[in-house]
Amino acid sequence: MDRSASSSGAPDALWRQAADVLAGNRAGSSTVPSRTLYPHQWSWDSAFVAIGLRHLSARRAQRELETLLAAQWADGRIPHIVFNPAVPHDAYFPSPDFWQSSRAGRAAGAPSGRETSGIVQPPVHALAAWLVHRADPEESRRRGFLARVRPRLAAWHDYLLTRRDLGGGGLAAVVHPWESGMDNSPCWDRALRRVEPAPPGAFRRADLHHGHHADRPTDADYGRYVRLAADYREAGYDDRAARHGFAVEDPCFNALLAVGELALAAIARDLGADGDAHTARAERIAHRLVVRLWDADAGVFRVRDLRDGTLVDEQGVGGLVPLVVPRLPPAVADRLRAALHGPRFRAPATRLVPAYDLTGHAFDAQRYWRGPAWFNTAWLIHRGLLTHGFHQEAAQLRDGFLTEAGRTGFAEYVDPVTGAGRGARRFSWTAALTLDLLR
Ligand code: 9WN
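Source: prediction; values computed, not measured. (Residues numbered from 1 in each chain as written. Predicted model: local features only at pLDDT ≥ 70, side-chain atom pairs only at ≥ 80, totals over all residues.)

## Things to note about the nonpolar core
Generally speaking, nonpolar side chains in soluble globular proteins are found buried as a group.
Thinking step 1. Formed by 136 residues in total, the largest nonpolar core has its most connected members in Ala 129, Ala 258, Ala 263, Leu 320, Ala 378 and Ala 432.
Thinking step 2. Beyond its immediate stretch of four places on either side in the chain, Ala 378 contacts Leu 352, Val 353, Ala 373, Leu 397 and Phe 401. (Core = buried A, V, L, I, M, F, W, Y, C linked by C-beta atoms within 7 Å. Buried ≥ 20, exposed ≤ 12 C-beta atoms within 10 Å, placed from the backbone. Contact = placed C-beta atoms within 7 Å.)

## So, the environment of Thr 359
Thinking step 1. By the secondary structure assignment, Thr 359 is in the loop between α14 (330–341) and β11 (373–374).
Thinking step 2. Thr 359 sits 35 residues away from Ala 394 along the chain, and the two C-alpha atoms are 24 Å apart.
Thinking step 3. Ignoring sequence-local partners within four residues, the contact set of Thr 359 consists of Pro 343 and Arg 344. (Helix = DSSP H or I, 4+ residues; strand = E, 2+ residues; numbered from the N terminus.)

## Notes on the site of the ligand
Thinking step 1. All residues in the neighbourhood of the ligand are listed as Pro 33, Tyr 38, Trp 42, Trp 44, Asp 45, His 80, Trp 178, Gly 181, Asp 183 and Asp 207.
Thinking step 2. Residues that form the shell around the ligand fall into these classes: five nonpolar, two polar and three charged. (Near = placed C-beta within 6 Å. Nonpolar A, V, L, I, M, F, W, Y, C, P; charged D, E, K, R; others polar.)

## Section: helix α12 (residues 251–270)
Thinking step 1. Between the first and last C-alpha of α12 there are 29 Å, a value that for 20 residues agrees with the 28 Å anticipated at 1.5 Å per step.
Thinking step 2. Directly beyond the C-terminal end of α12, a positive phi value near 80° is found at Gly 272. (Expected span 1.5 Å × (residues − 1).)

## Structural notes on the UniProt feature "domain: Mannosylglycerate hydrolase MGH1-like glycoside hydrolase" (unreviewed entry) in the chain
Thinking step 1. Feature annotation in UniProt assigns "domain: Mannosylglycerate hydrolase MGH1-like glycoside hydrolase" (unreviewed entry) to the following positions: residues 38–430.
Thinking step 2. Each end of residues 38–430 is marked by a C-alpha atom, and these two atoms are 14 Å apart; helix forms 44% of the span and strand 6%. (UniProt positions renumbered as here; feature names shortened; annotations may be inferred.)

## Details of the packing of helix α2 (residues 43–53) against helix α3 (residues 58–69)
Thinking step 1. Interhelical geometry of α2 versus α3 gives an angle of 165° and a closest axis separation of 8 Å. With respect to their mutual orientation, α2 and α3 come out roughly antiparallel. Crossing geometry of α2 relative to α3 is assigned as left-handed. In this structure, α2 contributes Ser 43, Ser 46, Val 49, Ala 50 and Leu 53 to the contact, and α3 contributes Arg 60, Ala 61, Glu 64, Leu 65 and Leu 68. (Axes fitted to C-alpha atoms, helices over the stretch in contact; angles between N-to-C directions. Parallel < 35°, antiparallel > 145°, perpendicular 65-115°, else oblique. Left-handed = near helix turned anticlockwise from the far one by under 90°.)

## Notes on the sheet that holds strand β10 (residues 310–311)
Thinking step 1. As summarised here, the arrangement of the four strands in space is β5-β6-β9-β10, forming an open sheet in which the pairing is antiparallel. The sheet is open, and its two edges are formed by β5 (173–174) and β10, each paired on a single side.
Thinking step 2. By the bridge criterion, two bridges tie strand β6 (residues 248–249) to strand β9 (residues 304–305) in an arrangement that is antiparallel. Bridge assignment links Val 248 to a residue of β9, and that residue is Asp 305. (Pairing = 2+ DSSP bridges.)

This is the structure in structure tokens:
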């Protein structure tokens, strides 16, 4: 096992600390992102957690994903939150009382025995399942892991590529900023301006009990998040009936879908089936990503606003994440690599990648996805750099990741200007992806 390259000088200690975070955040067969701020199971968090957990216990990593997939809706969607019934409803907003999945989502096939949200998050799950399998193929085969998760993952991607192809361009749309996983990125501001916020008295935030005001989305943001989610709920979470007030094509989300299709191809082949249809889908998504979202002038991918069909004039880290797609044209990969070195994304105080353009008009070094550097996006970009053979940059990013994770106590994110850790500490995906990079 190579745990030698951490610049902290104490890779074994870092390994133990990261494992301890995951143990502390364990809640039955799954893991909460943070004991304080996020006390339930989150969709893409669990995928990242499984990617790290596989190095501690392949079985636990499998169970992490299986627990999430057990809450899948009949229409194929994987909900972004699976609520723990033992946690008081006022511990997190919006709670099950708000989403009402088992009642309002019945026609869309929400499970009756579990409460979940009604929206989704980026599709990292097929990649996670494949990586988990590869960590211990024998244990995976013994438990029939791939055979059990494969149909669920295929249904998930089918949902995204059919019901969520709202633009008709072969990409999946997100219909709520929370679905992107980058809640308050300035990339959503323009589209959100069309949304009438719910009145402040209509909801009570729980996040401010644990998070600092300056770190979190604003009340005005929350008003719009609540309005969009309530409208979706009133439409029965039915993508055909809903009049989505917000619908965008996000490069990060779709890049992960392409990577997920490649993982599904590998899963199919491992099970003795034909993976070609998935490979073809991955190629098509990668192609559509470039056709619809690549901005050749800026040298980054942008978000497409489906209400007016235009590209959004903001640069976010989501526009660099497509580097993780192996089938990208080499010239595009080169431009993304250059963007990582440019003034917009090379942060003064950390080797991680800021969530938003450092020179952008909306840059805010503290506020969540409006500037801070996050560990999951760094992990994805690291994977992308390796995928395209940029080994030196990958090594630097890995080193920066491990240094920051250890120094900040596995912070949720880092201020890219001062280097200070922000948000929650002992954050699960920071710890899990630390394990993965140390391995
Ligand atoms: C809403 C759990 C989640 C992450 C998201 C991150 C944040 C939730 C919130 O926390 O979102 O889903 O309440 O702010 O933006 O990426 O999955 O860690």
